[in-house]
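A closer look at the structure
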Amino acid sequence: VLASLPLQMMLYFNVYYFPVWWLAEGMMLQLKYHLLPEHYQFLLVTAFLILSLAEGSRLYLGYVGNLQEK
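Residues numbered from 1 in each chain as written. Predicted model: local features only at pLDDT ≥ 70, side-chain atom pairs only at ≥ 80, totals over all residues. Heavy atoms only, no water.

Some points on the UniProt feature "transmembrane region" (unreviewed entry) in the protein
Our working definition: UniProt positions are given in the numbering used here, feature names are shortened, and annotations may be inferred rather than shown by experiment. Secondary structure follows DSSP: runs of H or I at least 4 residues long count as helices, runs of E at least 2 residues long count as strands, and numbering of each begins at the N terminus.
The UniProt feature table records "transmembrane region" (unreviewed entry) at residues 12-30 and 42-61. Between the C-alpha atoms that bound residues 12-30 there is a distance of 28 Å. The span itself is 100% helix and 0% strand. For residues 42-61, the helix share is 100%, the strand share is 0%, and the end-to-end C-alpha distance is 28 Å.

A closer look at helix α2 (residues 38-67)
What counts is decided by this rule: Helix span, expected: 1.5 Å multiplied by one less than the number of residues in the helix. Here's how the labels work: a residue is buried when its accessible area is under 20% of the maximum for its type, exposed when over 50%, partly exposed in between, all with a 1.4 Å probe on protein chains only. Working rule for contacts: check all heavy atoms of both residues, and any pair within 4.5 Å makes them a contact.
Between the first and last C-alpha of α2 there are 44 Å, a value that for 30 residues agrees with the 44 Å anticipated at 1.5 Å per step. Among the residues of α2, Q41, F48, S52, E55, L59, G62, G65 and N66 are the ones counted as buried. Residues of α2 that are buried in the fold lie against α1 (5-32). Of the residues one or two after α2, E69 is the one with positive phi, at around 60°.

Thoughts on the packing of α1 against α2
For the record, the criterion: Between N-to-C directions, angles span 0 to 180 degrees; the directions come from axes that are lines fitted to C-alpha atoms, helices contributing only their stretch in contact. Any angle that is under 35 degrees is reported as roughly parallel, and any over 145 degrees as roughly antiparallel; angles of 65 to 115 degrees are reported as roughly perpendicular and all others as oblique. All amino acids are sorted into three groups, where Ala, Val, Leu, Ile, Met, Phe, Trp, Tyr, Cys and Pro are nonpolar, Asp, Glu, Lys and Arg are charged, and the leftover types, Gly among them, are polar.
Axis separation between α1 and α2 bottoms out at 10 Å; the angle between their running directions is 170°. The angle between α1 and α2 falls in the class roughly antiparallel. Among the residues forming the contact of α1 with α2, the class breakdown is 15 nonpolar, seven polar and four charged.

Comments concerning a nonpolar patch on the surface
How we decide: Patch rule: a residue counts if its relative accessible area is over 30% and it has no salt bridge; like charges are joined within 9 Å, and nonpolar side chains (Val, Leu, Ile, Met, Phe, Trp, Tyr) within 5 Å. Only the protein chains shown count as cover for residues, with accessible areas throughout obtained via the Shrake-Rupley method and a probe of 1.4 Å. Criterion for a salt bridge: a side-chain nitrogen of Lys or Arg within 4 Å of a carboxyl oxygen of Asp or Glu.
Together, L5, M9, Y12, F13, V15, Y16 and Y17 give the surface a local cluster of nonpolar side chains, amounting to about 760 Å² of exposed area. Turning to its location among the elements, Y16 is positioned in helix α1.

So, α1
What counts here: In this scheme, the bend at a residue equals the angle between the axes fitted to the seven residues that finish there and the seven that begin there. Here a polar contact is taken to be a pair of N or O atoms separated by no more than 3.5 Å, where protein atoms must pair a possible hydrogen donor with a possible acceptor and residues adjacent in sequence count only if both atoms sit in side chains.
Between its first and last C-alpha atoms α1 spans 40 Å; for 28 residues at 1.5 Å apiece the expected length is 40 Å, and the two agree. If you look at α1, its biggest bend is around 30°, right at Y16, and the proline P19 turns up within four residues after that. Looking only at α1, the buried set comprises Q8, L11, F18 and L29. The inward-facing, buried residues of α1 abut α2. Near the N-terminus of α1, the side chain that reaches the backbone nitrogen of L7, with its oxygen 3.4 Å away, is that of S4.

Have a look at this one:
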């Protein structure tokens, strides 16, 4: 069984687009943070952190899993 080339290509491009998304989302969060109520501030920061960790983990595990054929 060989590694999936389309999956590897998608992971490769996603690794480069993820920091762009992260910076854009972080800047938008910073710009609108002070305009939101406290509970939305908490929810947005929490969601941003969880999504960042999940995406980073997903990319790492996808790379490792696809290259090791798991």
